[in-house]
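Coordinate inspection notes
Okay, here's what each chain looks like letter by letter:
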Amino acid sequence: MKRLLRRNETLVAITLVILCLVIGFNNPTFFTWGNIFVLLRGSIVTGIFAMGVLIVLISGGIDVSFTAIGIFALYSTVKLFLYFDPNAPIWLGFLIAATIGLGLGLINAFFIARFKLPTLIVTLGTLSMFHGFLLFTIGNRIIRQDIPPSLTAFARATVIQVPQTRGTASLHPAIFLMIAIAIMVWLLLKYTMLGRGIYALGGAPEAAERAGFNVTRIQYFIYGFVGLLSGIAGMTFGALARQANPQDIVGMELNVIAAVVLGGAYLTGGRGTVIGTLLGVALVVIANNSLILIGVPTVWQRVVIGLIILVGTGIPAIQERRAGQRASGLTEM
Amino acid sequence: MANEFLNLTGISKSFAGVHALRNVDFSIERGRIHCLVGENGSGKSTIIKIIAGVYERDSGSIVINGKEFEKLSPIDAIREGIQVIYQDFSLFPNLTVAENIALNQALRDGRRFVNWRHVHSIAADALAQIEVDIPLNATVGEMSVANKQLIAIAKALRQQAQLIIMDEPTSALTGREIKVLFSVIRKLQERQSIAFLFVSHKLDEVLEISETTIVIRNGKTVSAGERGEYDGARLIYDMTGHTITEKVYDFEPDLSQPPLIKVENLNAGAALIDINLALRAGEIVGVTGLLGSGRTELALALYGMLPIESGRIYINNKPAVIRSNRDAIAHGIGYVPEDRLSEGLFLEQSIARNVVVRTIDGLRNALGLTIPQKISEQVNQWVNALRIKTPDPALPVKTLSGGNQQRVVLAKWLASNPGIMILNGPTVGVDIGSKDELHDLMKKLAGEGMGLLVISDDIPELLQTCNRVLLMRHGRIVEEIKPKDTNEGELSSKLIKD
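Residues numbered from 1 in each chain as written. Chains lettered and ligands numbered in written order. Predicted model: local features only at pLDDT ≥ 70, side-chain atom pairs only at ≥ 80, totals over all residues. Heavy atoms only, no water.

1. As for the overall build of chain B
- Counting secondary structure elements, chain B contains 17 helices and 20 strands.
- Relative to its length of 498 residues, chain B is compact, with a C-alpha radius of gyration of 25 Å against a globular reference of 23 Å.
- Across its three principal axes, chain B shows a C-alpha extent of roughly 70 × 50 × 50 Å.
- Evaluated residue by residue, chain B yields a buried proportion of 54% over its 498 residues.
- Considering only contacts in chain B between residues 6 or more positions apart, those separated by 24 or more positions represent 67%. (Helix = DSSP H or I, 4+ residues; strand = E, 2+ residues; numbered from the N terminus. Rg over C-alpha atoms; globule rule 2.2 N^0.38 Å. Buried < 20%, exposed > 50% of the residue type's maximum accessible area, 1.4 Å probe, protein only. Contact = heavy atoms within 4.5 Å.)

2. Considerations on the overall build of chain A
- Counting its secondary structure elements, chain A contains 14 helices and two strands.
- On C-alpha atoms alone, chain A measures out to a radius of gyration of 21 Å, which is about the 20 Å that the 2.2 N^0.38 rule sets for 333 residues.
- If one aligns the C-alpha atoms of chain A with their principal axes, the spans along those axes are about 70 × 55 × 35 Å.
- Of all 333 residues assigned to chain A, the portion counted as buried reaches 51%.
- A separation threshold of at least 6 residues defines the contact pool for chain A, and within that pool the share at least 24 residues apart is 78%.

3. Topic: the sheet that holds strand S8 (residues 195-200) of chain B
Residue and element names in this part refer to chain B.
- Judged by pairing direction, the sheet is mixed, and its six strands sit side by side in the order S6-S7-S8-S3-S9-S10 without closing on themselves. Every interior strand has two partners, whereas the edge strands, strand S6 (82-85) and strand S10 (220-226), have only one. Averaged over neighbouring strand pairs, the angle between their axes works out to 15 degrees when direction is ignored.
- Bridge count between strand S3 (residues 33-37) and S8: five bridges; the pairing is parallel. Bridge pairing in S8 places leucine 36 opposite valine 199.
- Lying on the sheet, helix H5 (residues 145-157) is in contact with S6 and strand S7 (163-167); it crosses S7 at an angle near 155 degrees. (Pairing = 2+ DSSP bridges. Axes fitted to C-alpha atoms, helices over the stretch in contact; angles between N-to-C directions.)

4. A closer look at the sheet that holds strand S14 (residues 310-315) of chain B
Residues and elements named next belong to chain B.
- The antiparallel open sheet is built from four strands, whose spatial order is S12-S11-S14-S15. Edge positions in the sheet fall to strand S12 (272-279) and strand S15 (318-320), since each has one partner strand and no second. Averaged over all pairs of adjacent strands, the angle between their axes in this sheet comes to 25 degrees, without regard to strand direction.
- Against the sheet, helix H9 (residues 295-302) engages strand S11 (261-268), S12 and S14, with an angle of about 65 degrees to S12.

5. Some remarks on helix H4 (residues 116-129) of chain B
- Compared with an ideal rise of 1.5 Å per residue, which puts 14 residues at 20 Å, H4(B) spans 20 Å between its outermost C-alpha atoms and is within 8% of the ideal.
- Of the positions making up H4(B), those classed as buried are B:Trp116, B:Val119, B:Ile122, B:Ala123, B:Ala126 and B:Leu127. Along the axis of H4(B), the buried residues cluster in a sector spanning 125 degrees; they form a single face. Away from its buried face by more than 90 degrees, H4(B) exposes B:Arg117 and B:Ala128.
- Check the buried side of H4(B) and you find it contacts helix H8 (174-191) and helix H9 (193-203) of chain A together with helix H3 (97-108) and H5 of chain B. (Expected span 1.5 Å × (residues − 1). Arc of directions from axis to C-beta.)

6. Topic: the pattern of salt bridges
Residue and element names in this part refer to chain B.
- A full pass over the atoms with the stated rule returns 20 salt bridges over all chains.
- Across the pair arginine 295 and aspartate 457 runs a salt bridge, and its minimum N-O distance is 3.8 Å. Of this pair, arginine 295 sits in helix H9 while aspartate 457 is found in the loop between strand S18 (451-455) and helix H16 (459-465), placing the two residues 162 residues apart along the sequence.
- Judged by its relative accessible area of 5%, arginine 295 is buried.
- For arginine 468, the salt bridge identified is with glutamate 480, shortest N-O distance 3.3 Å. Of this pair, arginine 468 sits in strand S19 (residues 468-473) while glutamate 480 sits in strand S20 (residues 476-481), and the two are 12 residues apart along the sequence. (Salt bridge = Lys/Arg side-chain N within 4 Å of Asp/Glu carboxyl O.)

7. Thoughts on the packing of H9(A) against H3(B)
- Here H9(A) crosses H3(B) at 125 degrees, and the two axes come no closer than 12 Å. The angle between H9(A) and H3(B) places the two elements in the oblique class. As for the relative orientation of H9(A) and H3(B), their crossing is left-handed in sense. Only B:Glu99, B:Leu103, B:Ala106 and B:Leu107 of H3(B) make contact with H9(A), whose side of the interface consists of A:Met193, A:Arg196 and A:Ala200.
- Grouping the constituent residues of the contact of H9(A) with H3(B) by class yields five nonpolar, no polar and two charged. (Parallel < 35°, antiparallel > 145°, perpendicular 65-115°, else oblique. Left-handed = near helix turned anticlockwise from the far one by under 90°. Nonpolar A, V, L, I, M, F, W, Y, C, P; charged D, E, K, R; others polar.)

8. Topic: the domain arrangement of chain B
All names here are of chain B.
- Taken domain by domain, chain B comprises domain 1 (4-240) and domain 2 (261-496).
- Its C-alpha centre places domain 1 at a distance of 34 Å from the equivalent point of domain 2.
- Listed per partner, the contact involves nine residues of domain 1 and nine residues of domain 2.
- The contact between domain 1 and domain 2 buries some 770 Å² in all, and 64% of this surface belongs to carbon and sulfur atoms.
- At the surface where domain 1 touches domain 2, the tally comes to zero salt bridges. (Domains from an automatic or database assignment. Buried area = accessible area lost by both parts, 1.4 Å probe.)

9. So, the side chain of B:Thr96
Residues and elements named next belong to chain B.
- Positionally, threonine 96 belongs in the loop between S6 and H3.
- At 3.2 Å, the side chain of threonine 96 and the backbone nitrogen of glutamate 99 are in polar contact.
- Setting aside residues up to four positions removed in sequence, threonine 96 forms contacts with Leu136, Asn137, Ala138, Thr139 and Val140. (Polar contact = N/O pair within 3.5 Å; in protein donor to acceptor, adjacent residues only side chain to side chain.)

10. Description of the packing of helix H3 (residues 33-58) of chain A against helix H11 (residues 215-241) of chain A
Residue and element names in this part refer to chain A.
- Relative orientation of the contacting elements H3 and H11 amounts to 170 degrees, with a least axis distance of 9 Å. Our classification of the angle between H3 and H11 gives roughly antiparallel. Along the contact surface, H3 presents Arg41, Ile44, Val45, Ile48, Phe49, Met51, Gly52, Ile55 and Val56, while H11 presents Ile222, Tyr223, Phe225, Val226, Leu229, Ser230, Ile232, Ala233, Gly234, Thr236, Phe237 and Leu240.
- Looking at the contact of H3 with H11, its residues break down into 16 nonpolar, four polar and one charged.

Structural data, given as structure tokens:
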């Protein structure tokens, strides 16, 4: 029980429940299916991005270029559709976007694994590079009217419909895509040597190398995989929004990283879980979408999110320091 | 020899023309405990790295398990059962105990997936072999150094270790933890015939555990022999090439002068109970006790880093309030912490900057800018006075050996001319030659009228440098001992009595 309480996930879960109750009691619309489905739909893209960010953070790195990869993959895919066959099926779109994402991710991996450059520097550079390249050579026009019909159809897809007082609430099937990715990442991290290697790399890079992990290969995997997930997330974003705007997505990176850190991943590497990350995503999405329901003006939402991050990551850090002091006592300084 | 596991003959190695090893010979037998002793820079770590396959030798032969190795790679060494436990243990602080123990084996077996039940049973097995009880699900980062070391040993066992090499295994352990470590080692030696090679410069431990001792100096094997052949004096002679005489510091303070610092009925929770002491000019007073006896807390309380609940402190007979280290410094108290790396030095910064860090305010001109000439004067003065061995004071402190680093910490304080110095573990991790010089330096400072309080559990050090020793137990000072009235055996048995 004590262990459970000390876990970061528990704290995030409690905060989440309190936030939901506070909003829900003040404004009953919060607990309607309509609102819940909207929130779920709103967490799909952030959730997929967050899985990628989680892996990078565990490995002791940081990636800020994933948003640029996402929009690059989306926009290029839509362009390809328009050029070759506007009626191509949506799964092909996902496939192409994932491949483009993988390719761009491997560019990150090349600089990071081959030249051992700091991950933040590399991805800050590629963030600008990818986005700039997209705007300059592929296009800067917002594609909305002539969006391929398969995307429009995807946006309207629904799995569960619940009749409401006004209209019906429907759940978008892409939520299952996010859940499937989350399960896959969880299995990868928990049950494969590759996953354990990612934790090992984040915990003690030198020891990981000494133990016999192929650190270069692990890094290629990490950044390639993040690219791939970002491609999928980008495509999902465009398909849900029924548009491909080259200025979209970029700018979301800090929100996603914040969600993952709130979920208990350490910026210093070595720690983080899928469950925690999902809770962190839920917290950020609710704070972003539902504070308006209890009369927090839009401009104040950012302040509230900032507060949640400070408190949510500050409390566990302070707890840990206290625990550390208790363990070592004051006996030896 | 049938029982020989490893033999090195005529090993030489040089780096950029500098000879690190010259014709080193020695052999390691199965099921025996060997100690490799030598001062810092004598070539100990080069030998280990050659045995582990990390460095390639220039000449000489290596025979392991009867096989001659033309070229020894790290993988070869591991396959032959050689496991090196480095000082950082190569553990993953973020993973559990179980995973740390089992991970290397899983990697070596080429596994792609993790079977957690398997991981736990491997780890439980390994810990059972060394008969220690460590929770498998705990995170390694939360473990004490002693437990981390046992985990590292368990990990080595899982890799079919036949020779376990440990680099300075006891430097961060308490007396009791060392006993546990030694008993684990003896068990493994007897039951599984595993050989051990300790690299150490703590002489009393070498004498206690070693069955075969190998001494090297300046990259050459000076002597090798059985347990009975060595005593402390011979080890020191072999390591340093000269005898270091055992001295005592027989000093009687002038009782007519007020004490530099006097403490009356000092209390701080359960850590310090009813402490009374006085330190006079010229005295070197030892404070000893087990870990947790209050010896470090006393130092911290006097330096303002541990809040006191009641009691009075007088500096030169005047009541003084010490609530922070700034107060302490204002009263002329200096403190050399035990962990000089993290608390006493700016490792990445230059020697010069470390020396002047406390006095920099006095080295400025009217505009508040520092005067480089004055700085270098002060730096040179202390580098010379304390004989800090460096080609250039502009080099970072981390390039120095332990003994020289400690001198930089001392120089930093001495530059501000304190009346009282509290030294916590002044020679921990310092090799024997430098240790002797540091002791001489302490006596010289006392001779100039400083009062020194030395917190230490190094019994020979206490006996050789202090004019009296205060023994602490459970937060109280229980006895005052004059070194001339006691001996090592008596003091150490008093020390470990709980």
